[in-house]
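# Fold and contact review
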Number of protein chains: 2
Amino acid sequence: MAGPGLLLAARCSALVPSASLSRASLSPLCLAPLSSTLTTRTMRAVHVHCVRARQHHQHRSASSSTAQQPPSASRQLPHVVVLGTGWASHRFVRDIDHNKYHVTVVSPRDHMLFTPLLTSTAVGTLEHRSIIESIRATASERHFDFQQAQVTDIDFDNNKVMCQSAVYSNDEEPERFPIPYDFLVVGIGAVPNTFGVPGVKEHAFFLKEASDARDVRRRIHDCFEAASFPMKTAQEIEDLLTFVVVGGGPTGVEFAAELTDFLREDCTRLYPHIQHRPRVILLEASGAVLSAFDSSLRQYALRRLERQDCHVRLGRSVKEVKRHEVVLDNGEVINTHCIVWSTGVGPRALVKSLDERYLTENKQHIRVDRGLKIANTQNAFAYGDCARIDGYILPAVAQVAEQQGKFLADEFNRATPQREVGCDTFKFASSGMLAYLGHYGGVAKIAVPTPDDVTNVKLSGLTAWLVWRMGYLTKLGRWRNRLQVPFDWLKTMIFGRDPTKF
Amino acid sequence: MAGPGLLLAARCSALVPSASLSRASLSPLCLAPLSSTLTTRTMRAVHVHCVRARQHHQHRSASSSTAQQPPSASRQLPHVVVLGTGWASHRFVRDIDHNKYHVTVVSPRDHMLFTPLLTSTAVGTLEHRSIIESIRATASERHFDFQQAQVTDIDFDNNKVMCQSAVYSNDEEPERFPIPYDFLVVGIGAVPNTFGVPGVKEHAFFLKEASDARDVRRRIHDCFEAASFPMKTAQEIEDLLTFVVVGGGPTGVEFAAELTDFLREDCTRLYPHIQHRPRVILLEASGAVLSAFDSSLRQYALRRLERQDCHVRLGRSVKEVKRHEVVLDNGEVINTHCIVWSTGVGPRALVKSLDERYLTENKQHIRVDRGLKIANTQNAFAYGDCARIDGYILPAVAQVAEQQGKFLADEFNRATPQREVGCDTFKFASSGMLAYLGHYGGVAKIAVPTPDDVTNVKLSGLTAWLVWRMGYLTKLGRWRNRLQVPFDWLKTMIFGRDPTKF
């Protein structure tokens, strides 16, 4: 057991006065196993890290007199290293008591991305920065550390993570350094799943990060500009204005819907010379779009999409993606210059590199118990898309991750020498599902609590769209974004979408 | 002479009914010299261009019933090809009478950039897209054509420009096509001038385009993130937080001022753990910053910059720029990871490639007369930073370019068979100068008309800053930007600058 009580007694690595720091003085629990393998350079890194952590806490003592109780500079807090800045980690670092733990977040991404609105930024309904929340800003408010680095390896036995710089580097080679931890929380998410289809990585766009959405937006407008060149044949124009979306899940459907909005509302205004009607083709391998919704809502979504001129092709999977072609399983070829791929997620390289003791059987996820503790560890936890609870499979969606982040933060906050972190069990309570279908319409399944239980209310059309907008607006974490998002919506309504690229 | 009257009589290339289009039917003035060199592919391009121009005009007839008098579909308009989307061209295409001319804008950039506020976007006071105006949106409102392409060659003898696709391309090779013209207007601007200093192109940032500002903003935050790594020595942190600005003109000074604002207002909030104080060093080879201003304002600017912790080094030029070093003329070396270079402008490759008949003696500019007509041509004009009027040297600033654009548009609008374009002479009337100096201060020299003449009013401090903000706000062309810019200012004031990168 490695509860904070034990750690507080044993002293953690974060707050050793620098003058007294030596290998001999390091806590056996935290760093003794490390010492045998540490080189001079890494020792220096650990040393500097400890000194800086102390400076940081001194700064906190000086500056956080109102918002939080200032921890005594001499108080020794357990060091919690959090990997990732997604839904789960973001909620975790906001909820954990920073007077009780010294938290360091490590992530190659310096922001939390409000993923449900990412498809809106891919066509310019919203701006990219409007749905981004700076982790630096949160870190400065909540007083935790942030390292913009990629974790390349986790050493569960020696309680450290190996990091590699994710920013512009001093040297030609990215810098590497270890970070020791007392508790580790892994929330590194997942990567788009190509299902091994050849050509997807090379020629398709994903919708996972803000930069993906920027690339898609750029390509859409590039296609229209290329179609505007004087030498183009009708066939070339048709190919340039054929947009293929692969995957009929919420992301694929919402992107297709946003794209039809853009085509209907902006194209005739911006590209009046283009006589050819652009096409959106949505490919879904199963028999239905939005399979997580009820049959009636699925049918409604399908009808609505087709009414907006989105050609939905069910039961069709992709065999190969080429530079300007999508080859279907029946041999059919669709010529296109813009393919957006959103068929689900797979494991990150870091997950795949872990020992199988920590993984699920299929090696796609980190295996955790109901308390989110990683299998065969005492002080490491995982949540979100990278983790799977033994015997309790949940969908890879934002609300699961967020609830797990909250659950784990509560567990840390409640921990005492008698009550270790993760002794409670996580239970997911769905608040419902929403999907935008274009042209002020959507589908929604909302969980409404009743005296006895929870009942699901089904909505469609304009009402669902209003719930969709209001729901997401209230979920945006910061006031900066809560002001900018409706402002963007207003601008789009009045002035249309901005087609510029830079 | 090639006034519109003659062209209307001779028939221009833009509106030939496609069925009747053949080499024999082309106007001798417009295309006959072309025909001897045209290949089948380029003939097809010209053909398609003509067909599309006709479709475009038919569209105009159908859609522009309220805003403008619809030109008859059969009316044959002279074809004006405009190169560039800078200050001059933007004003020109807004002011020219599109019922009298068929205008095609050719530019690799799909937007007009409000350059005076570019330095604000480089630190995040404003967002990049807030100071951009889409040329597609203007084209759809004013009914002109736009080709997002780079002009690689101008054939003044045969009245055509050779274009190369500036967007994502169908093929591995960028597409090429010619555009014939009846009138040509060249406003391609200039490129940053490195004065042949080694290493500048490889290691320094410029502040010329929105993408430059984005790169600078990214690097600034990368430097802070890299300085936050645990293994950094004091010397490494000092180097990472030394920012060098080369050039004491308005761009260099305003960027240095914005940077000191960012350091003062945001750094302690965002990077409280960084104990080292960041440095801004402004290098100017001459004896003064803002040399276009009066001595008293120059002195004020210098004092103010130094009060904000900007180290101004006068009389110091740069001998070499290395990956992490700036070597001065006296052999001194400044270690830095962010160098912004703004020492003036030089000619674009297209200007340098022109025959010397069209250029000034030093081959740095296109030589034009007082009517802005290019030397040794009858139907080609140039304005803005790429042009220089014989015997009437003007500074390379936005207001000169904008006034030239307006002048030339008026000339085109007034042209008749008896009055050719460019028979009037251009005269620059300065409305003054503004420069931001950071911390709500600036300097301004405003030209105020008096009954007899014009008098210059000098302002400094807060008043000049208010004039600076209000002045630029009213100059922003579109309501989209006029709303977004103050909204950005407000957001920065309340929430601070957003440090995220994506």
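Please read these numbers as outputs of a predicted model, since none were measured by experiment. (Residues numbered from 1 in each chain as written. Chains lettered and ligands numbered in written order. Predicted model: local features only at pLDDT ≥ 70, side-chain atom pairs only at ≥ 80, totals over all residues. Heavy atoms only, no water.)

Further remarks concern the packing of helix α8 (residues 210-227) of chain A against helix α10 (residues 250-270) of chain A. Residues and elements named next belong to chain A. As a packed pair, α8 and α10 sit with axes 13 Å apart at the nearest point and diverge in direction by 40°. It follows from the interaxial angle that α8 and α10 lie oblique. In the packing of α8 onto α10, the handedness of the crossing is right-handed. Taking contact as the criterion, the partners of Val216, Ile220, His221 and Phe224 in α8 are, on α10, Phe255, Leu259, Phe262, Leu263 and Cys267. Looking at the contact of α8 with α10, its residues break down into eight nonpolar, one polar and no charged. (Axes fitted to C-alpha atoms, helices over the stretch in contact; angles between N-to-C directions. Helix = DSSP H or I, 4+ residues; strand = E, 2+ residues; numbered from the N terminus. Parallel < 35°, antiparallel > 145°, perpendicular 65-115°, else oblique. Left-handed = near helix turned anticlockwise from the far one by under 90°. Contact = heavy atoms within 4.5 Å. Nonpolar A, V, L, I, M, F, W, Y, C, P; charged D, E, K, R; others polar.)

Moving on to helix α6 (residues 135-142) of chain A. All names here are of chain A. Of all the eight residues making up α6, six are buried; the element is thus mostly covered by neighbouring parts of the structure. Among the residues of α6, those classed as buried are Ile135, Arg136, Ala137, Thr138, Ala139 and Ser140. With a side-chain oxygen lying 3.2 Å from the backbone nitrogen of Arg136, the N-terminal cap of α6 falls on Ser134. Phi for His143, located one or two positions after α6, is positive at around 65°. (Buried < 20%, exposed > 50% of the residue type's maximum accessible area, 1.4 Å probe, protein only. Polar contact = N/O pair within 3.5 Å; in protein donor to acceptor, adjacent residues only side chain to side chain.)

Bringing a nonpolar patch on the surface into the picture now. All names here are of chain A. Side chains of Tyr440, Leu462, Leu466, Leu490, Met493 and Ile494 sit close together on the surface and give an oily, nonpolar patch of about 600 Å² of accessible area. For the nonpolar patch, the elements supplying multiple residues, two or more each, are α14 (462-475) and α15 (479-495). The dominant element in the nonpolar patch, judged by the number of residues it contributes, is α15, at three residues. Of note, Met493 is situated in helix α15. (Patch = residues over 30% accessible without salt bridge, like charges linked within 9 Å, V, L, I, M, F, W, Y side chains within 5 Å. Areas by Shrake-Rupley, 256 points an atom, 1.4 Å probe, with all protein chains shown as cover. Salt bridge = Lys/Arg side-chain N within 4 Å of Asp/Glu carboxyl O.)

Note that the two copies of the chain are related through a rotation about an axis and a translation along the same axis. Of the two same-sequence chains, chain A is brought onto chain B (RMSD 0.0 Å, axial shift 0.0 Å) by a rotation of 180°. Taken together, the rotation and translation describe the operation of a two-fold axis. (Least-squares fit on C-alpha atoms with pLDDT ≥ 70 in both.)

All names here are of chain A. Here strand β6 (residues 149-155) runs beside strand β7 (residues 160-165); their pairing, made up of six bridges, is antiparallel. Looking across to β7, one finds that Asp155 is bridged to Lys160. Hairpin connection between β6 and β7: a loop of four residues separates the two successive antiparallel strands, and Asn159 in this loop has a positive phi of roughly 55°. (Pairing = 2+ DSSP bridges.)

Turning our eyes to something else, we now look at unusual backbone geometry. Residues and elements named next belong to chain B. For Asn376, which is not a glycine, the phi torsion comes out positive at approximately 65°. Despite not being glycine, His439 shows a phi value in the positive range, around 50°. Inspection of the secondary structure assignment puts His439 in the loop between β23 (432-438) and β24 (441-449). By relative accessible area, which is 37% here, His439 ends up partly exposed.

It is worth spelling out the sheet that holds strand β25 (residues 454-461) of chain A at this point. All names here are of chain A. Pairing is antiparallel across the open sheet formed by three strands, whose spatial order is β23-β24-β25. Edge strands, defined here as strands with exactly one partner in the open sheet, are β23 (432-438) and β25. Mean inter-strand twist for the sheet, computed between neighbouring axes without regard to direction, equals 15°. Inspection of the sheet shows β23 paired to strand β24 (residues 441-449) by six bridges, in the antiparallel sense.

Moving on, we come to the confidence of the model for chain A. Here chain A averages 87 in pLDDT, and 85% of its residues register 70 or above. Of the regions scoring below 50 in pLDDT, residues 1-74 of chain A engages in 142 contacts with residues more than four places distant in sequence or in other chains. (pLDDT = per-residue confidence, 0-100.)

Looking now at helix α11 (residues 295-307) of chain A. Residues and elements named next belong to chain A. An ideal rise of 1.5 Å per residue puts 18 Å on 13 residues; α11 measures up with 18 Å between its terminal C-alpha atoms. All buried positions along α11 are accounted for by Leu297, Tyr300, Ala301, Leu302, Arg304 and Leu305. Residues of α11 that are buried in the fold lie against α10, β13 (279-284), β14 (310-314), β23, β24 and β25. Asp309, located one to two residues past α11, shows a positive phi value of around 75°. (Expected span 1.5 Å × (residues − 1).)

Taken as a whole, this structure holds 66 salt bridges over all chains when the rule is applied. In this structure, A:Asp390 engages A:Arg367 in a salt bridge whose closest nitrogen and oxygen atoms are separated by 3.3 Å. Here A:Asp390, found in the loop between β22 (387-389) and α13 (398-414), pairs with A:Arg367, found in strand β20 (residues 366-368); they are 23 residues apart in sequence, far enough to count as distant. Overall, the relative accessible area of 46% leaves A:Asp390 in the partly exposed class. With its nearest N and O atoms 2.5 Å apart, the salt bridge here joins B:Arg277 to B:Asp309.

Ranked by size, the top nonpolar core spans 259 residues in total, and within it A:Phe92, A:Ile154, A:Phe412, B:Phe92, B:Ile154 and B:Phe412 carry the most contacts. What A:Phe92 contacts, discounting residues up to four positions off in sequence, is A:Val80, A:Val82, A:Val185, A:Tyr383, A:Gly405, A:Leu408, A:Ala409 and A:Phe412. (Core = buried A, V, L, I, M, F, W, Y, C linked by side-chain atoms within 4.5 Å.)

Glancing now at the environment of A:Gly331. Residue and element names in this part refer to chain A. Assignment of secondary structure puts Gly331 in the loop between β16 (325-328) and β17 (333-335). Take Gly331: its relative accessible area is 42%, and that puts it in the partly exposed class. In this structure, the C-alpha to C-alpha distance between Gly331 and Val318, residues 13 residues apart in sequence, is 9.3 Å.

All names here are of chain A. Packing of helix α4 (residues 87-95) against α6 brings their axes to within 10 Å, and their N-to-C directions diverge by 20°. It follows from the interaxial angle that α4 and α6 lie roughly parallel. Classified by chirality, the crossing of α6 by α4 is left-handed. Between α4 and α6, the contacting residues are His90, Val93 and Arg94 on the first element and Ile135, Thr138 and Arg142 on the second. Considering only residue class, the contact of α4 with α6 consists of two nonpolar, two polar and two charged.

For any pair of aromatic rings, geometry is given as the distance between the ring centres together with the angle between the planes. Under the defined criterion, the tally for this structure stands at 35 aromatic pairs over all chains. For the ring pair A:Tyr101 and A:Phe412, a centre distance of 5.2 Å and an interplane angle of 80° mean the geometry is edge-to-face. Residue A:Tyr101 is found in the loop between α4 and β2 (102-106), and its partner A:Phe412 is found in helix α13; the two are separated by 311 residues along the sequence. Look at B:Phe224 and B:Tyr271: their rings are 4.6 Å apart centre to centre, the planes differ by 20°, and that puts the pair in the stacked class. A residue pair is termed long-range when its members are at least 10 positions apart, and B:Phe224 in helix α8 (residues 210-227) and B:Tyr271 in the loop between α10 (250-270) and β13 (279-284) qualify at 47 residues. Here B:Phe224 and B:Tyr271 have matching classes, each one buried. One aromatic cluster is present, formed by A:Phe92, A:Tyr101, A:Phe183, A:Phe381, A:Tyr383 and A:Phe412 through successive ring pairs. Lying over the aromatic face of B:Trp479, B:Arg482 brings its terminal NZ or CZ to 5.0 Å of the ring centre. (Phe/Tyr/Trp six-rings, centres within 6.5 Å; stacked < 30°, edge-to-face > 60°. Lys NZ or Arg CZ within 6 Å of the ring centre and 35° of its normal.)

So, on to the interface of chain A and chain B. Taken together, the contact pairs 76 residues of chain A with 76 residues of chain B. With both sides pooled, the region where chain A packs onto chain B buries about 7400 Å², and carbon together with sulfur makes up 54% of that total. Counting the surface chain A buries against chain B, the share from its top three residues, A:Arg129, A:Tyr168 and A:Phe502, is 13%. The tally of links from chain A across to chain B stands at ten salt bridges. With its nearest N and O atoms 3.0 Å apart, the salt bridge here joins B:Glu127 to A:Arg129. Summed over the shared surface of chain A and chain B, the number is 33 residue pairs in polar contact (both at pLDDT 80 or more). When residues of the side of chain A that touches chain B are assigned to their parent elements, the largest contribution, nine residues, is made by α8(A). Of the residues belonging to the side of chain A that touches chain B, the class tally is 27 nonpolar, 22 polar and 27 charged. (Buried area = accessible area lost by both parts, 1.4 Å probe.)

Bringing the side chain of B:Glu127 into the picture now. Relative to the helices and strands, B:Glu127 is located in the loop between α5 (118-121) and β4 (132-134). Assessed through its relative accessible area of 17%, B:Glu127 is described here as buried. Here A:Arg129 takes part through its side chain, which lies 3.0 Å from a polar atom of the side chain of B:Glu127. Dropping the residues within four chain positions of it, B:Glu127 is found in contact with A:Arg129, B:Thr121, B:Arg217 and B:Asp488.

What follows is about the sheet that holds strand β18 (residues 338-341) of chain B. Residues and elements named next belong to chain B. The strand order across the open sheet built from five strands is β11-β18-β12-β13-β14, with neighbouring strands paired in parallel fashion. Because the sheet does not close on itself, it has two edges, and the strands there are β11 (205-206) and β14 (310-314). Alignment of strand β12 (residues 242-246) against β13, held across five bridges, turns out to be parallel. Paired with Val245 across the strands is Leu282, a residue of β13. Across the face of the sheet, helix α11 (residues 295-307) comes into contact with β13 and β14 while running at roughly 135° to β14.

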